[in-house]
Amino acid sequence: MKSLMNVALGIVTSIGGFLDVGAIATAALAGAAFGVQMLWVLAVGTLCVMFLTEMAGRLACVSHHSLVDAIRERCGFRYFSCLLIGELFVDLLVLAAEIGGVAVALHLVTGIDYRWFAPIVAFALWLLIWLGTFSIVQNGASLLGLITLAFVVGMWWMGPPWHEAMKAIVPSTPSHDAAKYWFIAVGIIGSLFEPFMLNFYSSGAIEEKWSLKDIPMNRVTAVLGMGFGAVIAVSIVMLSALTLGPHGIQVDSYEQAALMMVQPFGSWGIPLFAACLGIACFGASLQVALNLSYLFSQGLGWNWSENLKPHDDARFALVYTLAIPIGAVLVIVLGDPLQITTFSMALNALLAPVIVFPLLILMNDRHYVREYRNHAVGNIFVSAIVVLAFLIAIVAIPLEVLGG
Amino acid sequence: MWLTVALATAVAGCSKSPDEVAKEARQSAASWAATLSAAAERWGNGDISSSYFQTVVTQARTSLQKEAQTARKSAGDAAAAPVNTVASRAELMADAVKRGDRAAAIEAGHAAASEVPAEKIPAVARPQ
């Protein structure tokens with residue numbers, strides 16, 4: 001019974017990890033501009049992230065190393081430094097996008113400029129991490145994140161075109177706006193391949209003291225959790241395709257995206273969209289901020305655990321204490337949270353190979369994973385992911401200019 | 001060094017032509033016209049609050065202003081014309097919100113949507 005509860009909790013947790021500002025924004029963009037045609041990108045991306053999450057969790061179960069910890073040990077400090085700089089830059093932008101997402105959610109229901117909310121959101125975020133434990137931070141936000149099931153309900157209410165959606169799982173090229181199509185595809189992949197999520201997941205496994213007996217649970221969590229997260233993302237694509245695209249509405253701002261919930265839910269639509277966006281982004285911003293602390297602490301050999309009091313791991317606490325205000329300042333300075341989101345998702349795609357390639361090495365190293373090494377299918381799949389991620393990284397910047 | 005040069009060349013090679021800028025400006029204007037029209041109808045039905053409708057109108061005006069500037073700079077006044085058309089309707093809607101005149105907002109929304117019609121994307125858009 002306890003392990004069933006753990007699995008259920010793991011699934012809920014994964015929904016929270018999967019669905020954030022990037023997933024919501026890119027799914028809404030895709031549905032409004034191309035109908036259900038881009039569902040195949042979500043399907044491929046979800047399959048990839050299931051494999052990667054399972055590997056990151058298995059690494060932690062067997063070696064008791066988080067991903068960053070193992071990368072630093074196996075690939076050396078020089079490689080880790082590159083990863084640290086890259087992930088610091090990208091994670092700060094993602095953190096800004098997530099804080100911006102919460103601020104926009106509050107703006108949608110109050111009408112007050114979102115910039116006013118950025119410092120308030122940042123303070124609430126910091127306070128929760130400062131006072132909370134790992135399970136409070138993780139499970140609390142994830143349970144609240146179940147509100148995003150409203151997207152699934154909305155999709156059902158609208159009567160989705162199942163037959164066409166099934167056909168859209170087969171990859172296809174666009175009939176118009178090719179640059180925009182591929183840019184959104186990069187964004188979707190970037191929103192699924194978020195490097196912070198892999199290290200956060202493996203660090204969480206260490207925090208919760210996972211061991212060999214948790215390997216099956218890790219597998220179930222990775223597959224079902226990411227699967228459920230994908231169902232919600234698919235619902236957003238369908239809802240956007242059914243309610244925005246047919247009216248000629250493209251998603252250039254969150255104000256337009258929110259209209260997708262009005263048709264199925266009437267006057268509850270906007271508050272529901274705001275709640276989904278706000279809670280999903282708040283949960284994700286907790287994860288990104290904590291991941292920055294994990295990144296520095298694990299790489300530089302500092303004390304680290306969200307379960308310790310801040311005075312017992314002062315440098316761990318210092319990192320998120322500095323990162324969160326920087327994220328809030330970026331929201332105020334850079335403006336347009338949707339653009340920050342799409343740009344940071346493209347950067348995620350750029351950074352993905354830097355973390356996926358060492359994961360492939362680690363998952364074949366007997367020293368770390370003993371007899372639990374990758375099977376040939378896993379290796380081939382991760383190799384394909386690395387190639388895909390490299391290709392995405394190469395095209396991401398020109399596509400940003402052409403289609404962004 | 002070579003990577004920087006290659007990247008810079010790629011980015012430079014991808015800069016948009018005036019025709020592309022004009023097309024994008026028209027698409028953006030049409031999308032905002034459709035948004036304003038749909039939002040006005042929803043406001044008329046009481047599905048969205050006055051404050052949310054005002055938020056949509058304000059965002060539309062800000063975005064259209066930026067779009068008009070970009071279009072004018074890169075592709076001339078003709079490219080900015082559809083954007084200006086929708087922007088002027090958005091101004092009327094902003095006044096309508098202040099007065100609480102739902103009928104006027106709906107009328108302005110419909111006018112914007114018919115003057116700069118948007119390409120409607122069916123949910124089951126056909127691939128090439």
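Anything mentioned here points back to the structure above.
Owing to the predicted nature of the structure, the values given are computational and were not obtained by experimental measurement.

J.: Can you help me understand the overall build of chain A in this one?
T.: If you tally the helices and strands in chain A, you get 18 helices and zero strands. Relative to its length of 404 residues, chain A is compact, with a C-alpha radius of gyration of 20 Å against a globular reference of 22 Å. Structurally, chain A occupies a C-alpha span of about 55 × 50 × 45 Å along its principal axes. When burial is assessed residue by residue, chain A has 63% of its 404 residues classed as buried. Taking the intrachain contacts of chain A between residues at least 6 apart in sequence as the baseline, contacts between residues at least 24 apart amount to 83%. Just so you have it, chain A exposes about 14,500 Å², and 73% of that area is on carbon and sulfur atoms. The average position of the 16 basic charges and that of the 23 acidic charges among the side chains of chain A differ by 11 Å.

J.: Sorry, what's going on with the side chain of Ser37(B) here?
T.: All names here are of chain B. Mapped onto the elements, Ser37 comes out in helix α2 (residues 18-45). Overall, the relative accessible area of 9% leaves Ser37 in the buried class. Not counting residues within four places of it along the chain, the set of residues in contact with Ser37 comprises Gly109, His110 and Ala113.

J.: Teacher, can you tell me more about the nonpolar core here?
T.: Side chains of a nonpolar character, in soluble globular proteins, are inclined to be buried together. Counting 176 residues, the largest nonpolar core has Met38(A), Phe151(A), Met260(A), Phe273(A) and Phe53(B) as the members making the most contacts within it. Here this core takes 20 residues from helix α4 (residues 67-110) of chain A, the largest share from any one element. In contact with Phe151(A), other than residues within four places in its own chain, are Ile232(A), Ser235(A), Ile236(A), Leu239(A), Met260(A), Met261(A), Phe273(A) and Cys276(A). With eight residues, the next largest nonpolar core counts Ala60(A), Ala205(A), Trp210(A) and Met217(A) among its residues.

Conventions we followed
- Residues numbered from 1 in each chain as written.
- Chains lettered and ligands numbered in written order.
- Predicted model: local features only at pLDDT ≥ 70, side-chain atom pairs only at ≥ 80, totals over all residues.
- Heavy atoms only, no water.
- Helix = DSSP H or I, 4+ residues; strand = E, 2+ residues; numbered from the N terminus.
- Rg over C-alpha atoms; globule rule 2.2 N^0.38 Å.
- Buried < 20%, exposed > 50% of the residue type's maximum accessible area, 1.4 Å probe, protein only.
- Contact = heavy atoms within 4.5 Å.
- Areas by Shrake-Rupley, 256 points an atom, 1.4 Å probe, with all protein chains shown as cover.
- Lys, Arg positive; Asp, Glu negative; His and termini not counted.
- Charge placed at Lys NZ, Arg CZ, Asp CG, Glu CD.
- Core = buried A, V, L, I, M, F, W, Y, C linked by side-chain atoms within 4.5 Å.

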